[in-house]
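The lines below spell out each chain.
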Amino acid sequence: MSQQHGFLGFVHRQRRGAELFLLILALLVGIGAYVAVGLGVEGTVPANIIGYGGWLAVLVVGCHVTVRIVAPYADPVLLPVVAALNGLGLAVIHRLDLAGDSTFAQQQLVWMTIGVLLFVATLVFLRDHRVLQRFTYTSGLTAIVLLVMPMMPFIGVEKNGARIWVNLGPIGLQPGEIAKVLLVIAFAGYLVLHRDALALAGRRLLFVDLPRGRDLGPILAMWLVSLGILVFQRDLGSSLLFFGLFLVMLYVATERPGWLVVGGTLFLAGAFLGYQAFSHVQTRVNIWIDPFDDFFGQGNQIAESLFGMAWGGLLGRGFGQGSPDRIPFAETDFIMGAIGEELGLTGVMAVVLLYGIIVERGLRVALVCRDGFGKLVATGLAVVLAIQVFVVIGGVTKLIPLTGLTTPFLSYGGSSLVANWVIIALLLRISDQARRPVPDLSSASDADADSESTQVVNLR
Amino acid sequence: MSELTLFLIRFAYLAILWIFVLSALSVIRTDMFGARMPAGSAPRAERRAPKAPRASKAPPKRRGSPTHVAVVEGANTGERADLDDAPILIGRGPDAAIRLDDDYVSTRHARIAASGDQWFVEDLGSTNGTYVGSARITQPTTLSLGTQVRIGKTILELRK
């Protein structure tokens, strides 16, 4: 797959100019949304537009300069797309703030700043992604500790029925968001070492290559961890995310569809058990099948979001002209409902397309990358974003049962935003390595090689 | 604020959003087809000289250039693959051009391909690595006639 691209005689251009051009457009998307919100809700251009726009521009230009210096061959599209989504998200959260008298947008801007700082730090300090392979088991262990943290007494907090928060002093964190990045690194490191054993051994049954019993260990362990998250933290979304991520990475590493069959069966079994055992899973399924049945209770959120999207129609109501604040938690899980109401199907399609671009670029990085570890990390990170977007938007649009996950870069939530910026930094680092031209070897002719070896002997 | 102004704002914003999406897509498009050969490398020289009958992947035939890869040591000694079929995949998998029955070889272990009139061997992320001489290679490495490439317990070389 990488053979056509990352190989000799084929050099990617740096494309930093294209990135700058797209970044300016992305700023236009972010600041334009902020202005449109001000005009739509209050009738005037917001008073702090210079400060707000300037701050966004500083963050974006900071990212661009960092990429230009430390990762000149990195992918040119990822950063602008992320900047545009983040700017749009900030504006939509600000719009909901204006309707509901909260200050989420300011906090989100602070989190975005932290995310950008971490993005820069990751790119500056991590000069070669292969270093991460040394931390395979360390990051796996850290991820498990992070996942267990919300269950600990004192620091673990239960919010809205899910126990996925920890309080460290004044700030609340969702450690699961950070764990997902570490888990990708751990899975990639593990699979790179063990993929031959996982891929080659096994027997064939009904046209499907089934893996050996003893190789089922890791996938069973992951299944149990996911079920544990489902049972003890009551977090459907994360449990689905982690299991799906592991399954896809296993499939990509081994090229064997047998794993998908095994994993899919395990998933169905887990989902069925969950449905039988837990009332909150049953509630989710019931409000998915008919949200209007319990309109003033559990189904209210989905029902309001569906009303909003229907009211938005093709072109939307325009910022400030709809009432997305009717949807409970519109700034976190249901931000796509708010966008659907005020920007309409046209806006939602643009946003979904932007997510598609991010995932496509992530997978492209994986294809171009020259080493197996980088390939798997890039695939994993792209798949994390893809699953998250599918699960959230699918839930909001009532395609699948609703599970609580954040919409990457759009919805309000510090941990998620920061973790996603780090994901983008890792993708850019891998793509820089992958697209950088290989050192020129073609000048060394046979005669040169001979003289070189002679020189070595002379030195002795 | 009049209804018309609001309508125009809404429309203008959707337009900005889509202009951004489309420009991102067009950058992706140019990125896909815009890659160029490194300046001064052999393929460009070949392109400049229209005398070359066709821009084939294999380097131009001349006396003394290798024609095939042969297994010289290991379980599959004597097996060979023509360099005309380059790039040549070596490994244990069914799609490999040289299929090795060697437990220390990965499914897709290494690849031999041409750039200009040079032949290179590239490791494809194998478990046990590919060795040229005594050194494990980390990047595509030049091969000349008779350079021994060790893959698992097997040794291959380019031959005339």
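Residues numbered from 1 in each chain as written. Chains lettered and ligands numbered in written order. Predicted model: local features only at pLDDT ≥ 70, side-chain atom pairs only at ≥ 80, totals over all residues. Heavy atoms only, no water.

If you look chain B up in an unreviewed UniProt entry, it shows as FHA domain-containing protein from Nocardioides donggukensis.

Inclusion rule: UniProt positions are given in the numbering used here, feature names are shortened, and annotations may be inferred rather than shown by experiment.
An unreviewed UniProt entry lists chain A under the name FtsW/RodA/SpoVE family cell cycle protein, from Nocardioides donggukensis. According to its UniProt record, chain A has this under Subcellular location (unreviewed entry): "Membrane".

## Focus on the interface of chain B and chain A
Rule in force here: Throughout, a contact is declared for two residues whenever any of their heavy atoms are within 4.5 Å. Simply put, the buried area is the total loss of 1.4 Å probe accessible area from both parts when two parts are fitted together. Criterion for a salt bridge: a side-chain nitrogen of Lys or Arg within 4 Å of a carboxyl oxygen of Asp or Glu. N or O atoms within 3.5 Å of each other form a polar contact, as long as, within protein, one can give a hydrogen and the other can take it, and as long as residues adjacent in sequence are counted only when both atoms are side-chain atoms. Per the convention used, a helix needs a DSSP run of H or I reaching at least four residues, while a strand needs a run of E reaching at least two, with both numbered from the N terminus.
Listed by partner, the interface residues are 44 residues for chain B and 56 residues for chain A. Approximately 4,500 Å² of surface area, both sides summed, lies buried where chain B meets chain A, with 68% of it carried by carbon and sulfur atoms. Ranking the residues of chain B by area buried against chain A places Y13(B), F20(B) and D31(B) at the top, with a combined share of 16%. Between the two partners, chain B and chain A, sit three salt bridges. The shortest N-O distance in the salt bridge between D31(B) and R435(A) comes to 2.9 Å. On inspection of chain B and its partner chain A, the count reaches six residue pairs in polar contact (both at pLDDT 80 or more). When contributions to the side of chain B that touches chain A are tallied by element, the ones reaching two or more residues are α1 (3-33), β5 (110-115), β6 (118-123) and β9 (141-143) of chain B.

## A few points about the pairing of strand β1 (residues 68-73) of chain B
Residues and elements named next belong to chain B. Stated precisely, the cut-off is as follows: DSSP bridges decide pairing: two strands pair if at least two such bridges lie between them.
Sheet topology note: the β1/strand β2 (residues 80-82) ladder contains three bridges and is antiparallel. Bridged to V69 within β2 is A81. Connecting β1 to the antiparallel partner β2 that follows it, the hairpin turn spans six residues, and G74 within it adopts a positive phi of roughly 115°. Summarising the sheet, β1 and strand β11 (residues 154-159) pair through five bridges and their orientation is antiparallel. Residue pairing for β11: V69 is matched across the bridge by L158.

## Observations concerning the pattern of salt bridges
To be explicit about the condition: Buried residues are those whose accessible area, probed at 1.4 Å on protein chains only, stays under 20% of the maximum for their type, while exposed residues exceed 50% and partly exposed ones sit between those limits.
On inspection of all chains with the given rule, the structure shows 15 salt bridges over all chains. Salt-bridge contacts for D31(B) lead to R361(A); the nearest nitrogen and oxygen are separated by 2.9 Å. Residue D31(B) is found in helix α1, and its partner R361(A) is found in helix α12 (residues 335-368); the two belong to separate chains. The pair formed by D31(B) and R361(A) is uniform in burial state, with each residue classed as buried.

## Focus: the packing of aromatic side chains
All names here are of chain A. Cut-off, in case you're wondering: Here a Phe, Tyr or Trp ring, Trp counted by its six-membered ring, pairs with any other such ring whose centre lies within 6.5 Å, and the pair is stacked when the planes are under 30 degrees apart, edge-to-face when over 60, and tilted otherwise.
The final tally for this structure, using the stated rule, is ten aromatic pairs over all chains. Consider the rings of F104 and Y412, whose centres lie 4.6 Å apart with planes at 45°: the pair is tilted. You can see F104 sitting in helix α4 (residues 104-125) and its partner Y412 sitting in the loop between α13 (372-396) and α14 (414-435), a full 308 residues away along the chain. Take Y412: its relative accessible area is 15%, and that puts it in the buried class. Centre to centre, the rings of F409 and W421 are 6.2 Å apart; their planes meet at 85°, and the pair counts as edge-to-face. Placement of F409 in the loop between α13 and α14 and of W421 in helix α14 is noted, with a sequence separation of twelve residues between them. W421 shares its class with F409; the two are buried. Taken together, the aromatic side chains of F292, F295, F296 and F307 make up a single cluster linked through ring pairs.

## Digging into the confidence of the model for chain A
All names here are of chain A. Our working definition: For every residue, the predictor assigns a confidence score, pLDDT, that lies between 0 and 100.
This prediction gives chain A a mean pLDDT of 84; 87% of its residues lie at or above 70. Least confident of the elements in chain A is helix α15 (residues 446-459), whose mean pLDDT is 43; most confident is helix α2 (residues 49-70), at 94. Note that residues 1-9 has pLDDT below 50 and, in this model, 26 contacts with residues that lie over four places away or in other chains. In this model residues 442-460 is a low-confidence stretch, pLDDT under 50, and it forms seven contacts with partners more than four residues away in sequence or in other chains.

## Here's the deal with the sheet that holds β9(B)
Residues and elements named next belong to chain B. Here five strands make up an open sheet; going across it, the order is β4-β3-β5-β6-β9 and the pairing mixed. Of all the strands in the sheet, the pair left with one neighbour each is β4 (98-99) and β9. Sheet topology places strand β3 (residues 88-91) next to β4; two bridges connect them, and they run parallel. Opposite I90, over in β4, you have I98 as the bridge partner.

## Section: the sheet that holds β1(B)
Residues and elements named next belong to chain B. Spatial ordering of the open sheet is given by β2-β1-β11-β10-β7-β8, a layout of six strands whose pairing is antiparallel. Strands with a single pairing partner mark the edges of an open sheet, and in this sheet they are β2 and β8 (135-136). Across three bridges, strand β7 (residues 130-132) lies against strand β10 (residues 149-151) in antiparallel orientation. Across the sheet, residue T130 finds its bridge partner in β10, namely I151.

## Looking at helix α3 (residues 78-100) of chain A
Residues and elements named next belong to chain A. Put simply, the rule is: In this analysis, the expected span of each helix is defined as 1.5 Å times one less than the number of residues it contains.
Taking 1.5 Å per residue, 23 residues should reach 33 Å; α3 reaches 33 Å between its end C-alpha atoms and fits that length. Most of α3 is tucked away: 20 of the 23 residues are buried. Downstream of α3 by one or two residues, D101 has phi in the positive range, about 60°.

## Points about the UniProt feature "transmembrane region" (unreviewed entry) in chain B
Residues given the UniProt feature "transmembrane region" (unreviewed entry) here are residues 6-28 of chain B. As a span, residues 6-28 of chain B carries 100% helix and 0% strand, and end to end its C-alpha atoms are 33 Å apart.

## Side note on the nonpolar core
In plain terms, the rule: Among the buried residues, those of types Ala, Val, Leu, Ile, Met, Phe, Trp, Tyr and Cys that are joined through side-chain atoms within 4.5 Å form a nonpolar core.
Counting residues in hydrophobic clusters, the biggest one holds 135 residues, and the most contacted among them are L88(A), F119(A), I358(A), W421(A) and I424(A). The biggest single contributor to this core is α12(A), with 15 residues. Beyond its immediate chain neighbours, meaning those up to four positions away, I358(A) contacts L78(A), V81(A), V82(A), L85(A), L385(A), F409(A) and I424(A). Of all hydrophobic cores here, the second largest spans 22 residues; its members include V71(B), L83(B), I98(B) and L100(B).

## Some details on the environment of Q133(A)
Residue and element names in this part refer to chain A. Mapping Q133 onto the fold places it in the loop between α4 and α5 (136-148). Sequence separation between Q133 and Q298 is 165 residues, and the spatial gap between their C-alpha atoms is 45 Å. Not counting residues within four places of it along the chain, the set of residues in contact with Q133 comprises V192 and F373.

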